[in-house]
Amino acid sequence: MAWGGAMNEVGARVTKMVTKRYADLQEKPDAVFYVIDASRTPQQRSPARVVQQMVALQFASAHQLPMALAWAIIMLCKHNGYIDMLREEIQESKEAGGLVSTSKLRLMDCFLRETARLNPLDGLSIQRKAVKPFTFADGSHIPAGNLLAVPQEAILRDKRYYPNPGSFDPWRFYSPADSDKAIVRFTDVNWKFPFWGSPTQSCPGRWYASDVIKYALVHLLENYDMEPVNPIYRPMIWTTAIAPSLTMRVMLKPCATSYGK
Ligand code: HEM
């Protein structure tokens with residue numbers, strides 16, 4: 001991968017860090033260790049390739065999780081009728097010792113999928129560059145050098161796939177425990193939900209991301225009441241990114257009733 005501008009600076013710093021780590025790999029297994037450990041060939045183990053992997057991992061994992069969590073908090077403020085329902089579900093999902101089982105948080109799972117449907121983090125998903133000419137099965141021809149992407153925002157609001165697409169309705173994904181309907185999870189990938197990428201090469205961090213967001217929401221819901229100080233539900237658009245407003249503030253007040261205790 002060719003880097004330019006600020007990436008040269010980032011690459012130089014990460015190279016320094018990775019090169020140093022080769023000396024004491026076994027002492028502190030961390031992400032660098034695991035990338036090298038999973039490499040099969042000397043070429044894959046080369047510092048240049050490990051640096052590229054480390055930078056790619058940072059870009060893939062760093063910003064999207066907090067953005068998705070921020071959107072979930074904003075949707076809780078906007079659709080606050082779900083707060084008590086989610087608190088109740090949290091209590092019911094507790095196992096021995098008071099631990100929450102995230103797989104039992106079915107409504108929260110649907111709430112997150114619906115939050116993502118109406119607030120994808122980018123208008124486009126699966127962005128690619130044709131490095132050589134490519135012809136799809138239907139005859140569409142892509143000359144070399146062209147950029148392609150899946151228009152996920154349009155797909156996620158398409159009424160052919162999501163009836164009444166403008167309404168926030170987590171129940172559209174819900175199936176009661178005793179129903180024959182297949183369970184749809186936040187982490188499920190298909191062409192109608194490209195939030196996590198394509199079904200053939202989707203985000204490998206999605207189960208981790210989903211659980212982290214759920215644990216954060218459990219903590220907030222159990223310990224705080226939340227209300228928007230200045231409700232700005234409009235996103236901030238930057239190129240194709242759809243980010244939560246930078247100026248919206250949410251007030252967290254310790255709960256009068258502590259739900260978690
Ligand atoms: C809400 C949070 C996240 C979202 C929405 C998200 C979304 C995505 C998407 C759409 C892709 C596919 C990109 C493409 O094919 O062009 C992707 C790939 C990837 N994600 Fe995530 N991601 C999230 C969190 C994470 C986290 C927390 C990690 C790591 C801990 C992670 C690691 C990766 C990696 C390594 C890839 C590249 C996989 C490959 O090319 O085979 N992601 N992610």
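Residues numbered from 1 in each chain as written. Predicted model: local features only at pLDDT ≥ 70, side-chain atom pairs only at ≥ 80, totals over all residues.

Going by the annotation in an unreviewed UniProt entry, the name recorded for the protein is Cytochrome P450, with Clonostachys byssicola given as the source organism. On record in UniProt, under Cofactor (unreviewed entry), the comment for the protein is "heme". Looking at the Subcellular location (unreviewed entry) heading of the UniProt record, one finds this comment for the protein: "Membrane". (UniProt positions renumbered as here; feature names shortened; annotations may be inferred.)

1. Some thoughts on the overall build of the protein
For the protein, the count of helices and strands is eight helices and 10 strands. Dimensions of the protein, computed from the C-alpha atoms along their principal axes, are close to 55 × 55 × 40 Å. Within the span of the protein, comprising 261 residues, buried residues form 20% of the whole. (Helix = DSSP H or I, 4+ residues; strand = E, 2+ residues; numbered from the N terminus. Buried ≥ 20, exposed ≤ 12 C-beta atoms within 10 Å, placed from the backbone.)

2. Observations regarding the site of the ligand
Close to the ligand lie 20 residues, the nearest being A60, S61, G197, C203 and G205. When contributions to the shell around the ligand are tallied by element, the ones reaching two or more residues are α3 (47-61), α4 (64-78), β1 (125-129), β5 (197-198) and α8 (206-223). Per-class residue counts for the shell around the ligand are 12 nonpolar, eight polar and no charged. The residue makeup of the shell around the ligand includes at least three contributed by each of domain 1 (6-61) and domain 2 (64-123 + 151-254). (Near = placed C-beta within 6 Å. Nonpolar A, V, L, I, M, F, W, Y, C, P; charged D, E, K, R; others polar. Domains from an automatic or database assignment.)

3. Remarks on unusual backbone geometry
Even without glycine at this site, N164 takes up a positive phi of about 50°. With respect to the helices, strands and loops of the structure, N164 is situated in the loop between α7 (152-156) and β5.

4. Points about the UniProt feature "binding site: heme" (unreviewed entry) in the protein
Annotation from UniProt places "binding site: heme" (unreviewed entry) at C203. Locating C203 in the fold gives a position in the loop between β6 (201-202) and α8. When residues no more than four places from it in sequence are discounted, the contact partners of C203 are W196 and G197. (Contact = placed C-beta atoms within 7 Å.)

5. Some points on the nonpolar core
Counting residues in hydrophobic clusters, the biggest one holds 27 residues, and the most contacted among them are A68, A72, L112, I213 and L217. Secondary structure elements with two or more residues in this core: α4, α5 (81-92), α6 (106-118) and α8. Top element by residues in this core is α4. It accounts for eight residues. Residues in contact with L217, not counting those within four places in the same chain, are A72 and M108. Listed in part, the six residues of the second largest apolar core include V35, V50, V51 and M54. (Core = buried A, V, L, I, M, F, W, Y, C linked by C-beta atoms within 7 Å.)

6. Description of α3
Under the 1.5 Å per step criterion, the end-to-end length of α3 is 21 Å for 15 residues, consistent within 8% with the ideal 21 Å. For α3, the secondary structure elements touched by its buried residues are α1 (6-21) and α2 (31-37). (Expected span 1.5 Å × (residues − 1).)

7. Regarding the packing of α4 against α8
For the pair α4 and α8, interaxial distance at closest approach is 10 Å and the crossing angle is 40°. As summarised for this structure, α4 and α8 are arranged oblique, according to the angle between their axes. Helix-helix and strand crossings are classified by hand; for α4 and α8 the assignment is right-handed. Counted together, L65, A68, L69 and A72 of α4 and A209, V212, I213, A216 and L217 of α8 form the full contact between these two elements. Grouping the constituent residues of the contact of α4 with α8 by class yields nine nonpolar, no polar and no charged. (Axes fitted to C-alpha atoms, helices over the stretch in contact; angles between N-to-C directions. Parallel < 35°, antiparallel > 145°, perpendicular 65-115°, else oblique. Left-handed = near helix turned anticlockwise from the far one by under 90°.)

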